[in-house]
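Each chain, written out:
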Amino acid sequence: MQTAPPTARLTIDPATGLLAGVRQVLSPHCDARPAGAVPELLVVHGISLPPGEFGGPWIDRLFTGELPADVHPYFKEIEGLRASAHALIRRDGQIVQYVPFGARAWHAGKSEYQGRSACNDFSIGIELEGADGTPYTEPQYGALVALVVTLLAAYPSLSSAAIAGHSDIAPGRKTDPWQVFDWPRFRTLLQERLAAQ
């Protein structure tokens, strides 16, 4: 399937919550948001499978519940984990979507944002393929900014002020997207893109 370059204008189908022109690997690890809940928070995560290794089918397999425990020792440790995210941004900037944005992905776990617990109920989770100690790539920042701008336009309940890392909503339990994620750079790029709209 042809995929849109990360700097291209992205569009979300309001009926399905799916991003046009990106690879779709729909996960069973999601459900409906609670009645009346809308996306109000964007959560940035970092992931690699096995840890520190990039590429391969393993993130897709984890989020679809098909990760073979016998392929790597770490996979045995997380056997049975039922997790997903709305989207993943690969090292080359390509976006993969796993859960429609209107649905609840299982990405945050036990979490709290500004006094509200259960962040999965009201958030959108975006994974960046990465590892602690390995800087994210230019294409990843470009794709993240493009995706966030698209989400802000599609969901008026979201705000550029309500973007947090997994470590911010689950401190002490999670450390991603790690110190290698350049928050000032991301926020500057986002503001520049929003100002140019």
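About the criteria used
Residues numbered from 1 in each chain as written. Predicted model: local features only at pLDDT ≥ 70, side-chain atom pairs only at ≥ 80, totals over all residues. Heavy atoms only, no water. Helix = DSSP H or I, 4+ residues; strand = E, 2+ residues; numbered from the N terminus. Buried < 20%, exposed > 50% of the residue type's maximum accessible area, 1.4 Å probe, protein only. Polar contact = N/O pair within 3.5 Å; in protein donor to acceptor, adjacent residues only side chain to side chain. Contact = heavy atoms within 4.5 Å. Expected span 1.5 Å × (residues − 1). Core = buried A, V, L, I, M, F, W, Y, C linked by side-chain atoms within 4.5 Å. Pairing = 2+ DSSP bridges.

Position of arginine 104 relative to the elements: it lies in strand β8 (residues 104-105). By relative accessible area, arginine 104 is classed as buried at 19%. One polar contact links the side chain of arginine 104 to the main-chain carbonyl oxygen of alanine 32, over a distance of 3.5 Å. Not counting residues up to four positions away in its chain, the partners in contact with arginine 104 are Cys30, Asp31, Ala32, Arg33, Pro34, Val99, Asn120 and Asp121.

Right, let's talk about the environment of alanine 103 for a bit. Position of alanine 103 relative to the elements: it lies in the loop between β7 (95-97) and β8. Put simply, alanine 103 and valine 38 are 65 residues apart on the chain and 9.1 Å apart in space, counted from C-alpha to C-alpha.

Turning next to unusual backbone geometry. For the peptide bond that leads from leucine 49 to proline 50, omega is -15°, which places it in the cis range. Within the element layout of this structure, proline 50 appears in the loop between β5 (41-47) and α1 (58-63). Residue aspartate 176 is joined to proline 177 through a cis peptide bond whose omega torsion reads 10°. As for its placement among the helices and strands, proline 177 is situated in the loop between α4 (166-169) and α5 (183-195). Positive phi, close to 55°, is recorded for alanine 118, a residue that is not glycine. Among the structural elements, alanine 118 can be located in the loop between β10 (116-117) and β11 (123-129).

Right, let's get into helix α3 (residues 138-154). Given a rise of 1.5 Å per residue, 17 residues ought to cover 24 Å, and the 25 Å separating the end C-alpha atoms of α3 matches this to within 8%. Counting buried residues along α3, twelve of its 17 residues qualify, which places the element largely inside the surrounding structure. The complete set of buried residues in α3 reads Gln140, Tyr141, Ala143, Leu144, Val145, Ala146, Leu147, Val148, Val149, Thr150, Leu151 and Leu152.

This paragraph deals with the nonpolar core. Residues Ile95, Leu147, Val148, Leu151, Phe181 and Phe186 are the most contacted members of the largest nonpolar core, which totals 32 residues. Elements with a minimum of two residues in this core: β5, β6 (87-89), β11, α3 and α5. When residues in this core are grouped by element, the largest group, ten residues, is from α3. Among residues more than four places away in sequence, those in contact with valine 148 are Leu42, Ile126, Ile163, Phe186 and Leu190. If you look at the next biggest cluster of nonpolar residues, it comprises 18 residues, including Leu67, Phe75, Ala85 and Tyr98.

Here we come to the environment of glycine 115. Turning to its location among the elements, glycine 115 is positioned in the loop between β9 (112-113) and β10. The sequence separation of glycine 115 and leucine 194 amounts to 79 residues, and the corresponding C-alpha distance is 28 Å.

Read across the open sheet, the six strands follow the order β3-β7-β6-β11-β5-β12; overall the sheet is mixed. Since the sheet does not close on itself, it has two edges, and those belong to β3 (23-24) and β12 (163-165), each with one partner. In this structure, β6 lies alongside β7, joined through three bridges in antiparallel fashion. Of the residues in β7, the one forming a bridge with isoleucine 89 is isoleucine 95.

These values are about where atoms sit, not about what they do.
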